[in-house]
Protein chains: 4
Amino acid sequence: MTTIGFIGLGIMGGPMAANLVKAGYDVVGCNLTQPPVDRLVAAGGRAASGIAEATRDADIVITMVPDSPDVEDAVLGDDGVLANAKPGLLLIDCSSIRPATSRAVAEAAVAQGVRVLDAPVSGGEQGAIDATLSIMVGGEASDFETAKPILDAVGKTVVHVGPHGAGQTVKAANQLIVAGTIELVAEAIVFLEAHGVDMDAAIKVLAGGLAGNAILDRKAANMLKRDFTPGFRLSLHHKDLGIVQAAARDAGVAIPLGAVVSQLVASMVARGDGSLDHSGLLKLVQELSGR
Amino acid sequence: MTTIGFIGLGIMGGPMAANLVKAGYDVVGCNLTQPPVDRLVAAGGRAASGIAEATRDADIVITMVPDSPDVEDAVLGDDGVLANAKPGLLLIDCSSIRPATSRAVAEAAVAQGVRVLDAPVSGGEQGAIDATLSIMVGGEASDFETAKPILDAVGKTVVHVGPHGAGQTVKAANQLIVAGTIELVAEAIVFLEAHGVDMDAAIKVLAGGLAGNAILDRKAANMLKRDFTPGFRLSLHHKDLGIVQAAARDAGVAIPLGAVVSQLVASMVARGDGSLDHSGLLKLVQELSGR
Amino acid sequence: MTTIGFIGLGIMGGPMAANLVKAGYDVVGCNLTQPPVDRLVAAGGRAASGIAEATRDADIVITMVPDSPDVEDAVLGDDGVLANAKPGLLLIDCSSIRPATSRAVAEAAVAQGVRVLDAPVSGGEQGAIDATLSIMVGGEASDFETAKPILDAVGKTVVHVGPHGAGQTVKAANQLIVAGTIELVAEAIVFLEAHGVDMDAAIKVLAGGLAGNAILDRKAANMLKRDFTPGFRLSLHHKDLGIVQAAARDAGVAIPLGAVVSQLVASMVARGDGSLDHSGLLKLVQELSGR
Amino acid sequence: MTTIGFIGLGIMGGPMAANLVKAGYDVVGCNLTQPPVDRLVAAGGRAASGIAEATRDADIVITMVPDSPDVEDAVLGDDGVLANAKPGLLLIDCSSIRPATSRAVAEAAVAQGVRVLDAPVSGGEQGAIDATLSIMVGGEASDFETAKPILDAVGKTVVHVGPHGAGQTVKAANQLIVAGTIELVAEAIVFLEAHGVDMDAAIKVLAGGLAGNAILDRKAANMLKRDFTPGFRLSLHHKDLGIVQAAARDAGVAIPLGAVVSQLVASMVARGDGSLDHSGLLKLVQELSGR
């Protein structure tokens, strides 16, 4: 039976670990706070006191932590994953971090005989609960084959997109398109409301044609009601757009819309609206329109 | 049997008129050049020598012409639709024009007892051929009921979105979202290519999540091949974005992404690339990235 | 003695007319409201009951009105300047309007033997009072020679920049640079304040180098105090940026910064801040920065 | 007699060191390559074989190197300035680097009894030769008093703008305004040329009013001739705008125009135009306008 160490049992990691238990894996999890660990135990998993214990007997370790420095701490730190890894361990990092950090972590791990995949996810809390996440995986093809059944237990679309870091790069592109599309839909909504159009009919017809997108399908109804309960917080999207901008700059790629929407998201965070759902960009468009 | 006068048998109007014939209507069409009229006759319709003849005996007139002044000429002109209308005529203008022009035309027509709907379409040449257009209709609800069976013969999603001009407003919002989404996808593609990602896998996983949209579904494959055969030309999208910007300015609505993508589309036209498909925005992103 | 008809005695026109009286001209002025006419009489000018009377005996007519339609009304209208012009009249239009309108007015006038210059001004109310305006003149060189002594009585820098409409084009470029520079200075001020820099010292050193500009010299002190008393109102600058955008679009010229600052100015107007001085753009930057 | 160690004798550092010799200081300089050192000796200075020798006997050390890591190497490195400093040394860093790096260097230095000022300069090669640089200084007021006579020997406007890092912050604001102003002038030039205006007359009248700025005064003539000989290279301005964007992001400050012009500068570098003068932004505006 495969033992999976799971580091980081938050909003995303918690339901993912529970789905792995449901799929029959032996899951031993740790978290900075205790309640999520208790929930994992209640769901049939096992508790670890920390990274060392979660790693020591694991065949697979999954990390799901907030940002690049957290991954560096958890993996490269004094009593971290590498310091406690069994020979041949496969580490699957599901965090959304800088591609360059993923590559650096992979280099350090491989030097110690630990295999690594970067496997950031898209789909939000609901996708984690429903095991319908999209997962973009970077690393060796053979390691992807090993990881595939495990990732299939937490996601619906699991795709190998290239070498180490490629998963993060695709996740960055994903966040660029999502932020931009939310902003476009927000501009369209305020524009249509200002002209007195029947909004439900308008959203329906827009969603049915070449303007159709997942934001119109899943978020527009709440946007019309000004319900910005997260979902995915603007503050996290702001972090991700920092990754996008740095990676675009490094590669010399022009992202004119990306640069403008990054400014708008940064404004929302600076104004104190970082805890709203990312569809809360509508609020800024509305205020800029004096409405 | 209902007689439909059809004015403007171009790339869009031609197949729409043919679909009306196929649905059993008596269609009498005119066009500035003769070959499209001949094609309508070959398809089972009738030829008119001009607007007067196409209008005189019609219960319904459909106009499908390039721009606001063309609609004004065809409808309000000396020997135009209003000058030749039977009492009780219903005029359905399927052109994409300024909302203000639609309202002005409606006002002039109603004063003469002619009913009018603005009914711009989305879906491109293929949608016109397949009778799968999205149609956004502005005007009186009772006139919409009259027009519905006719529009159902040329479109798949036919929606009444508000009073006179509302169809044009929704079409403008549609064009705003479409242009912005193409640009976002173009930025993502160049970004991913620059980072050496497996592009087919990346497009697949992006299309499956919150970043999913109709451009990824229908245009990305051609964009990866740099095949910019139109489809819908940048020069026409440029015209439409002029309508968007004017209508946003009139209403005091902020469209920061709309303003930037309008600049990019205008550049493509100024550089002589106006006859490419609108997905040709990718070419500009690529050049701005020195690739 | 040269008789000058002066149409439009507002914030700018009033002091300009008074300076012409001071320079020894016979000035006969009219205005939609009476008090400015009384002030002209008190200053030594003469009152006209309307455009017809102001034009009838004039060798020169100067128009200074708000927008393109006002110029069309005053010049081309039923009892307007052209209808009442002496043979050989020289019309100097100092309004800031669309270049295309200036060209259309010139064409109509020349067809009647009336000569025309477009001569928009820059420098604000204080420049009008002090007779230090910059004046950009479009039209025939020989007409410019005739007008030069008169314009020297109200301005300091009086330059012939090209054919009919060229004055308006240069004024549009002026307004593009001014709005953009205000926004850049506003971004710099909020940036520096956020970092706790000594602001007076910073402004001094910025103004002394390659970043130096007239906004730092004349407006930054008030911006630091958040004193946005006009000066030149955002609502008028919004009108001017509409002219800039239309003229850039007509010529196929890319104005990426112009497009973005136009959005920001439009937002200020939409939010109800149109009556602030244009340096009030600082307020928006500050709010977007959550400060 | 005060001994000044000078580290980095490049395009800027070389003439600055020569001016210090001319002002009577004992200048001992080092550089990665030998010819600039020979030129310093020919000008009356002394040669050092490296940082250790340039620092060992110095009362003052001035560093003028390209980027943040270069300053870290030179100051904090194994055989760097701190490792060789006399007690009480005053280090003046004239490089343009991240404010955060300046603060980190200052902290490390102060812990060792070395005083530090960040003192980036503006004015270009000509300003360095003519000793007319603008210098923005961050650090302790008493250290600024010590440095003032020395900086006066190389600059014209020498201003204390705040604590450690403040000099860099003001330099960043300077580069934001300069890049933005170049772009605004470029947009105006292409706009005016497209409309057939007399360009010399137009530049003259623009420079005389509220649109006036140092770019119109010093760069527009070369821009009209498409002479983009540096001057200050786009690749260096690109580096500086990276600092601006990072510092704005850290402080949560919105810089909408800054973000857009950063994209345009990045494009020029990505396209291979990084070695042009920064006024070469005109080339991009022209191409985007299809001219």
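All values reported here derive from a predicted model rather than from experimental measurement.

> Explain the side chain of Thr157(C) to me, please; I cannot follow it from the model alone.
Here Thr157(C) shows up in strand S9 (residues 155–162). A relative accessible area of 16% places Thr157(C) in the buried class. Every residue in contact with Thr157(C), bar those within four places of it in the chain, is listed here: Leu133(C), Ser134(C), Ile135(C) and Val205(D).

> Looking at this structure, how should I read the packing of helix H13 (residues 234–251) of chain B against helix H13 (residues 234–251) of chain C?
Two measures define how a pair of helices packs: the angle their axes make with one another and the distance between the axes. Running from N to C, H13(B) and H13(C) point in directions that differ by 175°, and their axes come no closer than 13 Å. In terms of axis orientation, H13(B) runs roughly antiparallel to H13(C). Here His238(B), Lys239(B), Leu241(B), Gly242(B), Gln245(B) and Arg249(B) of H13(B) come into contact with H13(C), specifically with His238(C), Lys239(C), Leu241(C), Gly242(C), Gln245(C) and Arg249(C). Of the residues in the contact of H13(B) with H13(C), the class split is 2 nonpolar, 6 polar and 4 charged.

> What is the right way to look at unusual backbone geometry in this model?
Most peptide bonds take the trans form, and the phi angle of most residues other than glycine is negative. At the junction of Pro230(A) and Gly231(A), the peptide bond is cis and its omega measures out at 5° in the coordinates. Structurally, Gly231(A) is set in the loop between helix H12 (220–224) and helix H13 (234–251). Its identity as a non-glycine residue notwithstanding, Ala131(D) has a phi of 55°, on the positive side. Notably, Arg226(D) is not glycine yet its phi reads approximately 55°, a positive angle. Looking at the element boundaries, Arg226(D) is found in the loop between helix H12 (220–224) and helix H13 (234–251). On the basis of relative accessible area, Arg226(D) is assigned to the partly exposed category, the value being 28%.

> Help me out: how do you make sense of the interface of chain D and chain C in this one?
Accessible area lost on assembly of the parts is the figure often given for the size of an interface. On the side of chain C, 66 residues touch chain D, which itself brings 65 residues to the contact. Where chain D abuts chain C, roughly 5400 Å² becomes buried across the two surfaces, and 75% of that area is made up of carbon and sulfur atoms. When residues of chain D are sorted by the area they lose upon contact with chain C, Phe191(D), Leu210(D) and Leu257(D) head the list and together hold 15% of the total. Joining chain D to chain C, the criterion identifies 0 salt bridges. In this assembly, chain D and chain C are joined by 12 residue pairs in polar contact (both at pLDDT 80 or more). Top element by residues in the side of chain D that touches chain C is helix H9 (residues 166–194) of chain D. It accounts for 19 residues. Split into classes, the residues belonging to the side of chain D that touches chain C amount to 41 nonpolar, 18 polar and 6 charged.

> Would you explain the relation of the copies chain D and chain C in this entry?
Two chain copies, one operation linking them: a rotation about an axis together with a shift along it. Expressed as a screw operation, the relation of chain D to chain C combines 0.0 Å of axial shift with a rotation of 180°, fitting to an RMSD of 0.1 Å. This pairing of chains is accounted for by a two-fold axis. Nearest to the rotation axis, the C-alpha of Asn213(D) is located 1.9 Å from it, this being the minimum over chain D. Comparing interface residues between copies, 100% of those in chain D also lie at the interface in chain C; the contact surface is shared.

> Quick question: what am I supposed to make of the interface of chain C and chain A here?
Opposite the 8 residues of chain C that make contact, chain A presents 8 residues. Both faces considered, chain C and chain A share a buried interface measuring about 610 Å² in area, 58% of it formed by carbon and sulfur atoms. Between the two partners, chain C and chain A, sit 0 salt bridges. The interface formed by chain C and chain A contains 2 residue pairs in polar contact (both at pLDDT 80 or more). Among the elements of the structure, helix H14 (256–270) and helix H15 (281–288) of chain C are those that each provide at least two residues to the side of chain C that touches chain A. In terms of residue count, H15(C) provides more of the side of chain C that touches chain A than any other element does, 3 residues in total. Of the residues belonging to the side of chain C that touches chain A, the class tally is 3 nonpolar, 3 polar and 2 charged.

> How should I be thinking about the domain arrangement of chain A in this particular structure?
Residues and elements named next belong to chain A. When the domains of chain A are assigned, the result is domain 1 (3–164) and domain 2 (169–288). Taken over both partners, the interface formed by domain 1 and domain 2 buries close to 930 Å², and the fraction arising from carbon and sulfur atoms is 61%. The interface formed by domain 1 and domain 2 contains 0 salt bridges.

> Before we go on, may I ask you to explain the UniProt feature "domain: 3-hydroxyisobutyrate dehydrogenase-like NAD-binding" (unreviewed entry) in chain A in this structure?
Taking the numbering used here, the UniProt-annotated feature "domain: 3-hydroxyisobutyrate dehydrogenase-like NAD-binding" (unreviewed entry) corresponds to residues 165–284 of chain A. The annotated region residues 165–284 of chain A carries 71% helix and 0% strand content, and the separation between its end C-alpha atoms amounts to 33 Å.

> Got a minute to help me understand helix H8 (residues 141–152) of chain B in this structure?
Because each turn of an α-helix spans 3.6 residues, side chains separated by three or four positions end up pointing in the same direction. All names here are of chain B. With 12 residues, H8 should cover 16 Å at 1.5 Å per step; its first-to-last C-alpha distance of 16 Å lies within 8% of that length. The complete set of buried residues in H8 reads Asp143, Phe144, Ala147, Ile150 and Leu151. One face of H8 carries all of its buried residues, which in axial projection span an arc of 120°.

> Even after reading the chapter, I still don't get helix H15 (residues 281–288) of chain B, so can you show me in this structure?
Residues of H15(B) that are buried: Leu281(B), Leu282(B), Leu284(B), Val285(B) and Leu288(B). The buried residues of H15(B) occupy an angular sector of 160° when projected down its axis, which confines them to one face. Buried residues along H15(B) sit against helix H9 (166–194), helix H12 (220–224), H13 and helix H14 (256–270) of chain B together with helix H14 (256–270) and helix H15 (281–288) of chain D.

> Got a minute to help me understand the relation of the copies chain C and chain A in this structure?
Placing chain C over chain A gives an RMSD of 0.1 Å and needs a rotation angle of 180°, together with 0.0 Å of translation along the axis. Taken together, the interface assignments show that 100% of the residues at the interface of chain C recur at the interface of chain A, consistent with an identical surface on both copies.

> Please clarify how the pairing of strand S8 (residues 133–138) of chain D should be interpreted in this entry.
Consecutive side chains of a regular strand alternate in pointing toward one face of the sheet and then the other. Residue and element names in this part refer to chain D. Burial runs high along S8: 6 of the 6 residues are buried. Where burial is concerned, the two faces of S8 agree: the one with Leu133, Ile135 and Val137 and the one with Ser134, Met136 and Gly138 are both buried. Bridge analysis of strand S7 (residues 121–122) against S8 gives 2 bridges, and the strand direction is antiparallel. Bridge pairing in S8 places serine 122 opposite serine 134. Sheet topology note: the S8/strand S9 (residues 155–162) ladder contains 6 bridges and is parallel. Bridge pairing in S9 links valine 137 to histidine 160. One crossover worth recording links S8 to the parallel S9 by way of helix H8 (residues 141–152), and it is right-handed.

> So what exactly am I meant to see when it comes to the pattern of salt bridges here?
A side chain of one charge can pair with a side chain of the opposite charge when the charged atoms of the two come close. All names here are of chain A. Evaluated as defined, the whole model comprises 40 salt bridges over all chains. When the shortest N-O distance is used, the salt bridge between lysine 148 and aspartate 152 registers 3.0 Å. In this pair, lysine 148 and aspartate 152 are both assigned in helix H8 (residues 141–152), 4 residues apart and thus about one turn of the helix distant. With a relative accessible area of 25%, lysine 148 lands in the partly exposed category. The exposure class assigned to aspartate 152 is partly exposed, which follows from its relative accessible area of 35%.

> How do you make sense of the packing of H13(A) against helix H14 (residues 256–270) of chain A when you look at a structure like this?
Residue and element names in this part refer to chain A. The interhelical angle for the contact between H13 and H14, taken along N-to-C directions, is 145°, at an axis separation of 9 Å. Crossing handedness for the pair H13 and H14: left-handed. Of H14, the residues touching H13 (which contributes Leu234, Ser235, His237, His238, Leu241 and Gln245) are Ala259, Val261, Ser262, Val265, Ala266, Met268 and Val269. Across the contact of H13 with H14, the residue classes break down as 8 nonpolar, 5 polar and no charged.

> Just checking my understanding: could you explain the environment of His238(A) for this structure?
Checked against the element boundaries, His238(A) lands in helix H13. Assessed through its relative accessible area of 14%, His238(A) is described here as buried. Measuring from C-alpha to C-alpha, the distance between His238(A) and Ala266(A) comes to 6.1 Å, with 28 residues separating the pair along the chain. Not counting residues within four places of it along the chain, the set of residues in contact with His238(A) comprises Val265(A), Ala266(A), Val269(A) and Arg249(D).

Procedures and definitions
Residues numbered from 1 in each chain as written. Chains lettered and ligands numbered in written order. Predicted model: local features only at pLDDT ≥ 70, side-chain atom pairs only at ≥ 80, totals over all residues. Heavy atoms only, no water. Helix = DSSP H or I, 4+ residues; strand = E, 2+ residues; numbered from the N terminus. Buried < 20%, exposed > 50% of the residue type's maximum accessible area, 1.4 Å probe, protein only. Contact = heavy atoms within 4.5 Å. Axes fitted to C-alpha atoms, helices over the stretch in contact; angles between N-to-C directions. Parallel < 35°, antiparallel > 145°, perpendicular 65-115°, else oblique. Nonpolar A, V, L, I, M, F, W, Y, C, P; charged D, E, K, R; others polar. Buried area = accessible area lost by both parts, 1.4 Å probe. Salt bridge = Lys/Arg side-chain N within 4 Å of Asp/Glu carboxyl O. Polar contact = N/O pair within 3.5 Å; in protein donor to acceptor, adjacent residues only side chain to side chain. Least-squares fit on C-alpha atoms with pLDDT ≥ 70 in both. Domains from an automatic or database assignment. UniProt positions renumbered as here; feature names shortened; annotations may be inferred. Expected span 1.5 Å × (residues − 1). Arc of directions from axis to C-beta. Pairing = 2+ DSSP bridges. Right-handed = clockwise from strand over helix to strand, strands pointing away. Left-handed = near helix turned anticlockwise from the far one by under 90°.

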